[in-house]
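If you want the building blocks of each chain, they are given just below.
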Amino acid sequence: MNNTRKPVIGIICDAFGRDGKPDRLFHGVAEEYIRAIADGTNCTPVLIPVSTNGEFDVEAYSQLIDGLLLTGSRTNVHPDRYSGQASKPGTLHDLKRDISSFTLIEKALETRLPVFGICRGFQEINVALGGTLHQELTDIEGKQDHARFLSLPQPEQYKDSHKISLTENGLLHRLTGQLRISINSLHHQGIDRLADTLVLEGIADDDTPEAFRLADPAHFFLAVQWHPEWHLKTDPVSRVLFNAFGEAVKKYAANA
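Described in the following lines is the structure provided in the data block. All of these numbers come straight from a predicted model, not from anything done at the bench. (Residues numbered from 1 in each chain as written. Predicted model: local features only at pLDDT ≥ 70, side-chain atom pairs only at ≥ 80, totals over all residues. Heavy atoms only, no water.)

Topic: the layout of surface pockets
As a reminder of what qualifies: A cavity, in this analysis, means grid points on a 1 Å lattice covering only the protein atoms where a 1.4 Å probe fits yet has no way out; a pocket is instead an open set bounded by protein on both sides within 12 Å along at least five of seven lines, and a residue lines either one if it has an atom within 4 Å of a point. Grid points are joined across faces, edges and corners, and a volume is the space filled by probe spheres set on the points. A run of DSSP states H or I qualifies as a helix once it reaches four residues; a run of E qualifies as a strand once it reaches two. Both are numbered from the N-terminal end. All residues other than Ala, Val, Leu, Ile, Met, Phe, Trp, Tyr, Cys, Pro, Asp, Glu, Lys and Arg, Gly among them, are scored as polar; the first ten of these are nonpolar and the last four charged.
One number sums up the size of the largest pocket: a volume of about 1100 Å³. What lines the largest pocket is a set of 46 residues, and nearest its centre among them are Ser-73, Arg-74, Thr-75, Asn-76 and Leu-92. Going through the elements one at a time, strand S2 (14-18), helix H1 (31-40), helix H4 (120-128) and strand S7 (133-134) are the ones with two or more residues in the lining of the largest pocket. Residue contributions to the lining of the largest pocket peak at three residues, all from S2. Each residue belonging to the lining of the largest pocket can be placed in one class, and the counts come to 15 nonpolar, 22 polar and nine charged. If you add up the space inside the second largest pocket, you get close to 400 Å³. Taken together, 20 residues form the lining of the second largest pocket, with Pro-217, Ala-218, His-219, Phe-220 and Ala-248 sitting closest to its centre. Of all the secondary structure elements, the ones that give two or more residues to the lining of the second largest pocket are helix H5 (171-176), strand S12 (209-214), strand S13 (221-224) and helix H6 (236-254). No other element matches H6, which puts five residues into the lining of the second largest pocket. The class makeup of the residues in the lining of the second largest pocket is twelve nonpolar, two polar and six charged.

Written out as structure tokens, the structure is:
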């Protein structure tokens, strides 16, 4: 790494249409993710555009970045990725992002690049490593409505929705010093089967997985189902997550 620059964290973009023109695509992310990387990790955020032609130059991006943030999105991982049933009508997908995210996850495992996944990123990691998803949690008996605040105006959507339990002596327990925390919740999909190489770090009272890490404790590869990027300044748990990610990125960059 060039010691004159800060470590770089790549933030995966979404591909989306505007002005009623789905054939004209834009690549972008919500500003909250950019701000959380800049303020919460003391690293430089760089946006990673997604595949434009079915291909993705993962080698070029993996040489550019020292860490990877997989963001949330209004789109769902396509069910073909985990042999799921066809999506309900009206479900949004982003096949270009699927290509890019899954390729980056595979490369991160190979190079031991630090990764932090949020919401869709949480689901992408599980699927990329061989896990499966429920497409609509409210269709599952006993599951609470994890998207009940989505109809509210922003930023009210991101207020605390429910509590979760953290795994005792797990990474999140050690980072936060807590076994129960409050989180926001804006997701329809959820984990069905957790990938074999992942370890559960947090779970909702309805047994929905809410956080996991890679089983290899030496590789920072953490993901959460909620949105810590919204409350970085006011929520200690959000701060500690991004701080820990930033420290792992700096360590990786120093050894590159």
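Having seen the model, we can carry on.
Section: the pairing of strand S1 (residues 8-12)
Definition in use: Burial classes: relative accessible area under 20% of the type maximum marks a residue as buried, over 50% as exposed, and values in between as partly exposed (1.4 Å probe, protein chains only). Pairing between strands is defined by DSSP: at least two bridges between the two strands are required.
Of all five residues in S1, five are buried; the element is thus mostly enclosed. Side chains of S1 alternate between two faces, with Val-8, Gly-10 and Ile-12 and Ile-9 and Ile-11 buried alike. Two elements, S1 and strand S4 (residues 44-48), share five bridges in a ladder whose sense is parallel. Counterpart to Ile-9 in the pairing with S4 is Pro-45. Relative to strand S5 (residues 67-70), S1 is paired through three bridges, and the arrangement is parallel. For Ile-9, the partnering residue across the bridge sits in S5 and is Gly-67.

Describing the state of the cysteines
Disulfides are covalent bonds that link the sulfur atoms of two cysteine residues. Note the threshold: The definition used for a disulfide is geometric: two cysteine sulfur atoms within 2.5 Å.
Counted by the stated rule, this structure contains zero disulfides. For Cys-43, which is in no disulfide, the shortest distance to another cysteine sulfur is to Cys-13 and amounts to 18 Å. No disulfide involves Cys-119; its nearest neighbouring cysteine sulfur is the one of Cys-13, lying 17 Å away.

Observations regarding the side chain of His-162
Spelled out, the test is: Contacts are assigned to residue pairs that have any heavy atoms within 4.5 Å of one another.
You can see His-162 is positioned in strand S8 (residues 162-166). Setting aside residues no more than four positions away along its own chain, His-162 makes contact with Gln-144, His-146, Ile-181, Ser-182, Ile-183, Ser-185, Ala-204 and Glu-210.

Describing the side chain of Arg-97
As for its placement among the helices and strands, Arg-97 is situated in helix H3 (residues 95-111). Look at Arg-97 and you get buried, because its relative accessible area is 0%. Arg-97 has contacts with Ile-12, Cys-13, Asp-14, Val-50, Leu-70, Thr-71, Gly-72, Ser-73, Arg-120, Gly-121 and Glu-124, leaving out every residue within four places of it along the chain.

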